[in-house]
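Each chain, letter by letter, is given below.
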Amino acid sequence: MEKEKKGRFLRVMDGIGSLCEIIGGGMMFLMILLITVQVVLRFLGAPLLGIEELLNFPTIWMYFLGGACASFTNTHIECGAIEAFSKNKKRVAVANVVKNVITSAISVYVLIWAAEYTRYSFRVNKISALLHIPMPLGEAAVITGLVLMAVFTILTTIRGILELRQGREGGGTYE
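Enquirer: How should I be thinking about helix H3 (residues 51-73) in this particular structure?
Expert: Residues separated by three or four positions in an α-helix point in the same direction, a consequence of the helix having 3.6 residues per turn. For H3, built from 23 residues, the straight-helix expectation of 33 Å at 1.5 Å per residue is met to within 8% by its first-to-last C-alpha distance of 32 Å. Looking at the residues trailing H3, positive phi occurs at Asn74, about 55°.

Enquirer: Honestly, the packing of aromatic side chains in this entry has me stumped. Any pointers?
Expert: Aromatic rings in a pair are described by how distant their centres are and how their planes are angled relative to each other. This model, assessed by the stated rule, comprises three aromatic pairs. Ring geometry for Tyr63 versus Phe64: centroids 5.2 Å apart, planes at 85°, classification edge-to-face. Given the relative accessible area of 61%, Tyr63 is considered exposed. Given the relative accessible area of 15%, Phe64 is considered buried. Consider the rings of Phe72 and Phe152, whose centres lie 5.1 Å apart with planes at 55°: the pair is tilted. A residue pair is termed long-range when its members are at least 10 positions apart, and Phe72 in helix H3 and Phe152 in helix H6 (residues 136-165) qualify at 80 residues. Here Phe72 and Phe152 have matching classes, each one buried.

Enquirer: Whenever I open this one, unusual backbone geometry confuses me. Can you help?
Expert: Excluding glycine, residues mostly carry a negative phi; peptide bonds, for their part, are mostly trans. Within the chain, Asn74 stands out as a residue other than glycine whose phi angle is a positive 55°. Locating Asn74 in the fold gives a position in the loop between H3 and helix H4 (81-85). Judged by relative accessible area, which is 25%, Asn74 ranks as partly exposed. Not every positive phi belongs to a glycine, and His132 is a case in point at roughly 60°.

Enquirer: Looking at this model, I keep getting lost on the pattern of salt bridges. Mind explaining?
Expert: Pairs can form between side chains of opposite charge once their charged atoms are near each other. Evaluated as defined, the whole model comprises three salt bridges. The residue Arg42 makes a salt bridge to Glu52 at a minimum N-O spacing of 3.8 Å. A residue pair is termed long-range when its members are at least 10 positions apart, and Arg42 in helix H2 (residues 8-44) and Glu52 in helix H3 qualify at 10 residues. Across the salt bridge formed by Glu116 and Arg119, the nearest N and O atoms sit 2.2 Å from each other. With a gap of three residues between them, Glu116 and Arg119 both fall in helix H5 (residues 89-124), about one helical turn apart. On the basis of relative accessible area, Glu116 is assigned to the partly exposed category, the value being 46%.

Enquirer: Help me understand the environment of Arg119, please; the structure alone is not making it clear to me.
Expert: When the C-alpha atoms of Arg119 and Ser18 are compared, they prove to be 27 Å apart, with 101 residues separating the residues in sequence. Side chain to side chain, Arg119 and Glu116 meet in a polar contact 2.2 Å long.

What counts as what
- Residues numbered from 1 in each chain as written.
- Predicted model: local features only at pLDDT ≥ 70, side-chain atom pairs only at ≥ 80, totals over all residues.
- Heavy atoms only, no water.
- Helix = DSSP H or I, 4+ residues; strand = E, 2+ residues; numbered from the N terminus.
- Expected span 1.5 Å × (residues − 1).
- Phe/Tyr/Trp six-rings, centres within 6.5 Å; stacked < 30°, edge-to-face > 60°.
- Buried < 20%, exposed > 50% of the residue type's maximum accessible area, 1.4 Å probe, protein only.
- Salt bridge = Lys/Arg side-chain N within 4 Å of Asp/Glu carboxyl O.
- Polar contact = N/O pair within 3.5 Å; in protein donor to acceptor, adjacent residues only side chain to side chain.

This is the structure we're talking about:
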C-alpha cells in the first residue's frame, strides 16, 4: 500500500538511497580489508607499496556517500536546540522547514563549486604517484556525494513544506 502511494520519482530516489547505503558499506568493508592487509604486511616486514595510496579511494567515496546517506535518512548530527526551546510542534516544523531551505541553498551553492572542481579534475587528468590510478575516480566522489546530498535535502524541504501546507507537523522527514 505504501509503495502505491509513493510516486515513481520517490521510489527511484529510495532505490538510489538504498544503493548509496550498499556502496558506502562496500567501501567501508574495502577500507577495513586494506587496513588489515597493511597491518599484516607491516608485521611481516613486507613492502607496503601502494596500499596507502589505494586506501584514499574507498575512503573519499565512503565519506561523501555517507553524507548522502545521512541526507537520505535525515539522520544528520544536529543539536536539536529548536525542539529544546519550543514545545509547539507547529513552530518546530516551521523552523525545520526554514533550516531545510537554508541547507538546500547552501547545498546548491557548494554543488556549483564541486562541479567546477570536477571539471578541473577531468581536464587535468591527474594520476596517482605509485599505482597510476586516475585521480578523477576518487575526486568524482565529491560531485556524486554532493549531488545526492542536495537532491535528498531538497526533497526533504519540499516534503516539509507540503506537510505544513496540509496541516501536519512532520517538518519534512524524507522517509
